[in-house]
Amino acid sequence: MAGETVITVVGNLVDDPELRFTPAGAAVAKFRIASTPRVYNKTTSQWEDGETLFLTCSVWRQAAENVAESLARGVRVIVQGRLKQRSYEDREQVKRTVYELDVDEVGPSLARATAKVEKNPAGGNRGGTPTDDPWAGAKPANGQQQSGGWGNQPAQQQPTQQGAGYSDEPPF
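Figured I'd write up the structure that's included with this text. (Residues numbered from 1 in each chain as written. Predicted model: local features only at pLDDT ≥ 70, side-chain atom pairs only at ≥ 80, totals over all residues. Heavy atoms only, no water.)

1. Remarks on the side chain of Ser35
Turning to step 1, where the next piece is worked out: Locating Ser35 in the fold gives a position in strand S3 (residues 27-35).
Turning to step 2, where the next piece is worked out: Overall, Ser35 belongs to the buried group, its relative accessible area being 18%.
Turning to step 3, where the next piece is worked out: A polar contact of 2.8 Å, which involves the side chain of Ser35, links it to the backbone oxygen of Val10.
Turning to step 4, where the next piece is worked out: Residues in contact with Ser35, not counting those within four places in the same chain, are Val9, Val10, Gly11, Glu51, Thr52 and Leu53. (Helix = DSSP H or I, 4+ residues; strand = E, 2+ residues; numbered from the N terminus. Buried < 20%, exposed > 50% of the residue type's maximum accessible area, 1.4 Å probe, protein only. Polar contact = N/O pair within 3.5 Å; in protein donor to acceptor, adjacent residues only side chain to side chain. Contact = heavy atoms within 4.5 Å.)

2. Considerations on helix H1 (residues 61-70)
Turning to step 1, where the next piece is worked out: Restricting attention to buried positions, one finds in H1 the residues Gln62, Ala64, Glu65 and Val67.
Turning to step 2, where the next piece is worked out: Taken together, the buried residues of H1 touch strand S2 (18-21), S3, strand S6 (53-60) and strand S8 (95-108).

3. Remarks on unusual backbone geometry
With the exception of glycine, the majority of residues adopt a negative phi angle, and the majority of peptide bonds are in the trans configuration.
Turning to step 1, where the next piece is worked out: Positive phi values are uncommon outside glycine, yet Arg61 reaches one of about 60°.
Turning to step 2, where the next piece is worked out: Tracing the chain through its elements places Arg61 in helix H1.
Turning to step 3, where the next piece is worked out: Notably, Gln93 is not glycine yet its phi reads approximately 65°, a positive angle.
Turning to step 4, where the next piece is worked out: Inspection of the secondary structure puts Gln93 in the loop between strand S7 (76-89) and S8.

4. Overview of the pairing of S8
Turning to step 1, where the next piece is worked out: Note that S6 and S8 share three bridges and pair parallel. Across the sheet, the residue bridging to Cys57 is Leu101, located in S8.
Turning to step 2, where the next piece is worked out: When S7 meets S8, the two strands line up antiparallel, connected through 13 bridges. When the sheet's bridge partners are listed, Gln80 is paired in S8 with Glu105. (Pairing = 2+ DSSP bridges.)

Encoded structure:
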């Protein structure tokens, strides 16, 4: 939507994601991340930690289930979403303001870790349809249909007389 503040934050999960379901059955996962800037102090010639930002995040639907299944406390993540400000009065009638992030995208940071990505099957999202998957029915760039989707190995191609010895396989 127009006028929303979209930000990207890199930080560590403070606790395990908490997965819940609305009465209508929509999944929502809440988690908190801590992002601490590092600055170089020229006077001491050392790196120092800045003030840590703690941010509560919420992610919805299939992404919520994926987050709950894939991420855990201490994992470094990259989160992109819409920053929201909410004001309320606490029990002592003191006005408080909190900032929260409605997450659009989240994933592990691969700067100091590895991850194995597994694509959900088309239509595997809660209440979704196969048309919700932007890759459903897509074909490889070489125009050949692969059985079972993108994650499977292509069927072995028989070299033709004209292109004998040619392979569509990448050199790596």
